[in-house]
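One-letter residues, chain by chain:
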Amino acid sequence: MESRGEGAEEAGGEARKQSGSAAQVRVDLGRLVKERGLLGFDPNLGSCLVQERCVAHLAELQGALSRCQAGLCTALHVVCCEDEFQLQQTDLLWRIAGLGGKIVQRHLVVGPVTATGLGSRTSASQYLQLRGAQMRDASVMKYGPQVNGDSWNDIIKVMTLAAVRFELLTTAHRCPVSLDLRKESSVSTKGSRSGVFVMYNCARLSTLFQSYQASVQQGLYPEFPEASQLQVAALREEGEWQLLFNYIIPFGELLDQSGQTLRSSTGVRITLGTEAVCKFLVSLSMDFSSYYNRVHILGEPLPHLFSQMFARLQLMRGVKELLHCALSTLHIPPLHQI
């Protein structure tokens with residue numbers, strides 16, 4: 001572990017000179033920022049009074065760090081814009097404590113979240129409970145009394161998770177988010193924030209391959225051929241090439257750009273492009289749904305139609321894998337049935 005730098009030693013020395021009481025310690029954080037050439041910190045940072053709550057916070061962070069087994073850890077501080085200044089103070093005090101050799105600190109600043117309905121101080125737990133109840137009501141309305149049992153509970157849990165994450169992450173993280181928490185409001189299945197719509201199409205893809213496998217077992221279709229035997233020329237629909245060139249091929253570039261945002265951060269602040277992934281998924285789901293509603297992928301079990309069917313299934317396999325990969329970046333598990 002690296003020892004404290006010269007700026008930290010002098011700042012700590014001044015603190016000891018100015019106060020004989022541990023409860024009244026002052027540290028010149030602005031001087032530390034200048035001497036170490038730290039980027040991204042507020043230029044108004046100056047003398048900071050180290051209070052008991054700040055020490056407790058540092059102890060909590062140190063406890064979390066002690067559980068990190070890696071040689072070099074990254075601490076990602078997620079903080080609302082109103083508390084960014086206080087977080088920067090905590091960051092610098094942690095550096096003065098001499099932990100800079102083992103940990104890299106980054107700040108993710110998020111905008112405010114406002115809500116209508118359920119009161120102005122709605123907790124995260126109440127928010128999740130409301131969205132879960134709305135998801136169950138919407139499922140019962142669409143599928144009837146069969147919405148019951150553990151399997152449906154798992155489906156509703158995943159759908160609720162997707163709805164909440166898309167609702168929050170479709171907006172750039174520094175921008176404000178407004179939530180409609182009125183009990184009479186419903187969970188949207190369409191639009192730019194709809195995680196429900198994405199999960200519905202994710203389940204449709206899984207059901208497609210389940211239907212294919214069932215038909216294979218019944219002897220209606222042959223086993224899936226080797227990739228070298230597939231005839232790409234059998235893909236003649238415009239929507240098929242749209243899925244390939246607009247989504248499957250450029251998806252890797254989207255992930256690279258998201259990762260590059262983290263790697264190229266020179267200051268203490270970082271930016272996450274969750275809104276780009278969410279919008280990509282919704283757009284993909286809309287184009288896939290349009291294609292799926294128009295084209296019968298599993299056609300008649302006739303040998304002269306198999307080449308086109310297998311080419312389409314291979315394309316759908318690529319779309320399915322893309323969906324699962326993109327959802328995993330948002331920590332949303334795929335849905336296999338609905």
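Residues numbered from 1 in each chain as written. Predicted model: local features only at pLDDT ≥ 70, side-chain atom pairs only at ≥ 80, totals over all residues. Heavy atoms only, no water.

1. Description of the layout of surface pockets
Each pocket or cavity is described by its volume, and for the largest pocket that value is around 770 Å³. For the largest pocket, the lining is made up of 32 residues, of which Val110, Val113, Tyr127, Leu168 and Leu169 are closest to its centre. It is helix 6 (residues 150-169) that contributes the most residues to the lining of the largest pocket, five residues altogether. Looking at the lining of the largest pocket residue by residue, the class counts come to 20 nonpolar, 10 polar and two charged. (1 Å grid on protein atoms, 1.4 Å probe; cavity = no way out; pocket = protein on both sides within 12 Å on 5 of 7 lines; lining within 4 Å. Points joined across faces, edges and corners; volume = space filled by probe spheres on them. Helix = DSSP H or I, 4+ residues; strand = E, 2+ residues; numbered from the N terminus. Nonpolar A, V, L, I, M, F, W, Y, C, P; charged D, E, K, R; others polar.)

2. Concerning the packing of helix 8 (residues 238-248) against helix 11 (residues 306-329)
Packing of helix 8 against helix 11 leaves a shortest axis separation of 11 Å and a crossing angle of 30 degrees. Relative to helix 11, the element helix 8 lies roughly parallel. Crossing geometry of helix 8 relative to helix 11 is assigned as left-handed. In this structure, helix 8 uses Glu240, Leu243, Leu244, Tyr247 and Ile248 to contact helix 11, whose residues at the interface are Arg312, Leu315, Met316, Gly318, Val319 and Leu322. Broken down by class, the residue content of the contact of helix 8 with helix 11 amounts to eight nonpolar, one polar and two charged. (Axes fitted to C-alpha atoms, helices over the stretch in contact; angles between N-to-C directions. Parallel < 35°, antiparallel > 145°, perpendicular 65-115°, else oblique. Left-handed = near helix turned anticlockwise from the far one by under 90°. Contact = heavy atoms within 4.5 Å.)

3. Focus: the nonpolar core
In a soluble, globular protein the nonpolar side chains are often hidden away together inside. The biggest cluster of nonpolar side chains holds 51 residues, and the ones touching the most others in it are Phe166, Leu243, Leu281, Leu313 and Met316. Mapped by element, the contributors of at least two residues to this core are helix 6, helix 7 (195-217), helix 8, helix 9 (251-263), helix 10 (274-294) and helix 11. At 11 residues, helix 11 tops the list of elements feeding residues into this core. Non-local contacts of Leu243, meaning those with residues more than four positions away in its chain, are made with Ile248, Leu284, Asp287, Phe288, Tyr291, Leu315, Met316 and Val319. Judged by nonpolar contacts, the second largest core, of 21 residues, contains Leu29, Phe41, Cys48 and Ile96. (Core = buried A, V, L, I, M, F, W, Y, C linked by side-chain atoms within 4.5 Å. Buried < 20%, exposed > 50% of the residue type's maximum accessible area, 1.4 Å probe, protein only.)

4. What to know about the environment of Val55
Within the secondary structure, Val55 sits in helix 3 (residues 52-66). A C-alpha to C-alpha distance of 9.0 Å links Val55 and Thr90, two positions 35 residues apart in sequence.

5. Here's the deal with the packing of aromatic side chains
For the coordinates displayed, the defined rule picks out 11 aromatic pairs. Arranged with centres 6.1 Å apart and planes meeting at 20 degrees, the rings of Tyr212 and Tyr221 form a pair that is stacked. Overall, Tyr212 belongs to the buried group, its relative accessible area being 2%. Plain terms: the ring middles of Tyr221 and Phe306 are 6.1 Å apart, the flat faces sit at 90 degrees to each other, and that makes the pair edge-to-face. (Phe/Tyr/Trp six-rings, centres within 6.5 Å; stacked < 30°, edge-to-face > 60°.)

6. Considerations on the packing of helix 7 against helix 11
Helix-helix packing is described using two parameters, namely the angle between the two axes and the distance between the axes. Where helix 7 contacts helix 11, the axes come no closer than 10 Å and their chain directions differ by 140 degrees. Looking at the two axes, helix 7 sits oblique to helix 11. Helix-helix and strand crossings are classified by hand; for helix 7 and helix 11 the assignment is left-handed. Judged by residue contacts, Val198, Met199, Cys202, Leu205, Ser206, Leu208, Phe209 and Tyr212 of helix 7 engage Met309, Phe310, Leu313, Met316, Arg317, Val319, Lys320, Leu323, His324 and Leu327 from helix 11.

7. Here's the deal with the pattern of salt bridges
Counted under the stated rule, the structure contains six salt bridges. For Glu35, the salt bridge goes to Arg31, with nearest N and O atoms at 3.0 Å. You can see Glu35 and its partner Arg31 sitting in helix 2 (residues 29-36), four residues apart, about one turn around the helix. What makes Glu35 partly exposed here is its relative accessible area of 41%. Classification of Arg31 as partly exposed rests on a relative accessible area of 27%. Residue Glu237 pairs with Arg294 through a salt bridge whose shortest N-O separation is 3.8 Å. Of the two residues, Glu237 sits in the loop between helix 7 and helix 8 while Arg294 sits in helix 10, which places them 57 residues apart along the sequence. Since its relative accessible area comes to 29%, Glu237 is described here as partly exposed. Note on Arg294: relative accessible area 46%, which makes it partly exposed. (Salt bridge = Lys/Arg side-chain N within 4 Å of Asp/Glu carboxyl O.)

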